[in-house]
Amino acid sequence: MARGQARILLVDDEQAVQTLLTYPLRKEGYEVVGAMDGREALDRFSEERFDLVVLDIMLPKLDGIEVLRRLRIRSQVPIIMLTAKGDEADKIAGLEVGADDYITKPFSMREFRSRVKAALRRSRMIANADEEESIERGDLKIDFGRRVVTLRGEEVRLTYVEFEILGALARSPGRVLSRETLLEHVWGDSEYRDPRTVDVHIRHLREKLEREPKNPEFLFTVRGVGYRFNE
């Protein structure tokens, strides 16, 4: 996917925000389609192909979290959430439902462009995944080509970010990876990002993979440093 071919669905009910964000995206060569409420966003997504969704949480008709939930049922398209300053609950809810990233308002255009480029880069990485590589640890199998995780023979549904964090740790068994290292692996850099984001994804991974999340078999915390995968 060449940069100029990328199509972005921009969902925000404020016309001023639509205008503010559309201009720099189009200047970068992206095609931008706007939606002003949650129902329109779902309709647009059903009718057209998109490489990225930028989604505000506070929307009329259907809020951003519900839109995110419905999009995740049908697609793994990268989704960046726009959240209000200091609204930690919305950020956590978005990440747990399957958002790839979030930006807190107000934000700079430099930060916004950085997040968009990183999300589109992740899309390209999925398309170019190594079709042969897989890792098995006990009952857990990670197939990187198909981006499928199975546990005791059953497929486990992971978000893009959960898969990338698990893959980074599993490729370096026994090695402790810091939160900053994991942020850089998933998003290309750790700039603008709260390291606690990684903690949310690790918690969610444990809930999906571990028999006892508080007594893990696969994902271990190294207090004050980061996380490691079982050797």
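Preceding this paragraph is the structure being described.
These figures come from a predicted structure and were not determined experimentally.

Peer 1: Outline the packing of helix 2 (residues 38-47) against helix 3 (residues 64-74), listing residues and values.
Peer 2: Working note: a packed helix pair is described by the angle between its axes plus the distance between those axes. At a minimum axis distance of 10 Å, the contact between helix 2 and helix 3 shows a crossing angle of 15 degrees. Between helix 2 and helix 3, the interaxial angle falls into the category roughly parallel. The handedness of the crossing between helix 2 and helix 3 is right-handed. Note on element contacts: helix 3 touches helix 2 through Val67, Arg70, Leu71 and Arg74, opposite Gly38, Arg39, Ala41, Leu42, Phe45 and Ser46. Here the contact of helix 2 with helix 3 is built from residues that sort into five nonpolar, two polar and three charged.

Peer 1: Give me the side chain of Asp101: which residues, what numbers.
Peer 2: With respect to the helices and strands, the residue Asp101 is situated in strand 5 (residues 101-104). Judged by relative accessible area, Asp101 falls into the buried class, the value being 3%. At 2.9 Å, the side chain of Asp101 and the side chain of Arg115 are in polar contact. Apart from residues lying up to four places away in sequence, Asp101 is in contact with Ile79, Ile80, Met81, Arg115, Arg122, Trp187 and Arg193.

Peer 1: Help me get a handle on the sheet that holds strand 6 (residues 134-137), residues and values and all.
Peer 2: Sheet strands line up and pair through hydrogen bonds in the backbone, either parallel or antiparallel. Pairing in this open sheet of four strands is antiparallel, and the strands run 6-7-8-9 from one edge to the other. Strands with a single pairing partner mark the edges of an open sheet, and in this sheet they are strand 6 and strand 9 (154-156). With direction set aside, neighbouring strand axes in the sheet form an average angle of 25 degrees. Where strand 6 and strand 7 (residues 140-143) come together, four bridges link them in antiparallel fashion. Residue pairing across strands places Ile135 opposite Ile142, the latter belonging to strand 7. Contacts from helix 6 (residues 160-170) reach strand 6, strand 7 and strand 8 (148-151) within the one sheet, and its direction differs from that of strand 7 by about 105 degrees. Sitting on the sheet, helix 8 (residues 196-209) touches strand 7, strand 8 and strand 9, and the angle it makes with strand 8 is about 50 degrees.

Peer 1: If you had to explain the side chain of Thr197 to someone new, which residues and values would you point to?
Peer 2: Of note, Thr197 is situated in helix 8. Separated by 3.5 Å, the side chains of Thr197 and Tyr102 make a polar contact. Each residue touching Thr197, except ones within four places of it in the same chain, is listed here: Leu95, Tyr102 and Trp187.

Peer 1: Describe in detail the nonpolar core, supporting the description with residues and values.
Peer 2: Residues Val149, Leu166 and Leu169 are the most contacted members of the largest nonpolar core, which totals 29 residues. Sorting elements by how many residues they give to this core places helix 6 first, with eight residues. With sequence-adjacent residues up to four places away left out, Leu169 is seen in contact with Leu177, Leu182, Ile202, Leu219, Tyr227, Arg228 and Phe229. Grouped together as the second largest cluster of nonpolar side chains are 24 residues, Leu42, Leu55, Leu68 and Val200 included.

Peer 1: Please give an account of the sheet that holds strand 10 (residues 177-178) that cites residues and values.
Peer 2: With antiparallel pairing, three strands are arranged side by side in an open sheet as 10-12-11. Every other strand in the sheet has two partners, leaving strand 10 and strand 11 (219-222) as the edge strands with one partner each. Note that strand 11 and strand 12 (residues 226-229) share four bridges and pair antiparallel. Pairing of Val222 across the sheet is with Gly226, part of strand 12. Contacting strand 10, strand 11 and strand 12, helix 6 runs over the sheet at an angle of about 70 degrees to strand 12.

Conventions and cut-offs
- Residues numbered from 1 in each chain as written.
- Predicted model: local features only at pLDDT ≥ 70, side-chain atom pairs only at ≥ 80, totals over all residues.
- Heavy atoms only, no water.
- Axes fitted to C-alpha atoms, helices over the stretch in contact; angles between N-to-C directions.
- Helix = DSSP H or I, 4+ residues; strand = E, 2+ residues; numbered from the N terminus.
- Parallel < 35°, antiparallel > 145°, perpendicular 65-115°, else oblique.
- Left-handed = near helix turned anticlockwise from the far one by under 90°.
- Contact = heavy atoms within 4.5 Å.
- Nonpolar A, V, L, I, M, F, W, Y, C, P; charged D, E, K, R; others polar.
- Buried < 20%, exposed > 50% of the residue type's maximum accessible area, 1.4 Å probe, protein only.
- Polar contact = N/O pair within 3.5 Å; in protein donor to acceptor, adjacent residues only side chain to side chain.
- Pairing = 2+ DSSP bridges.
- Core = buried A, V, L, I, M, F, W, Y, C linked by side-chain atoms within 4.5 Å.

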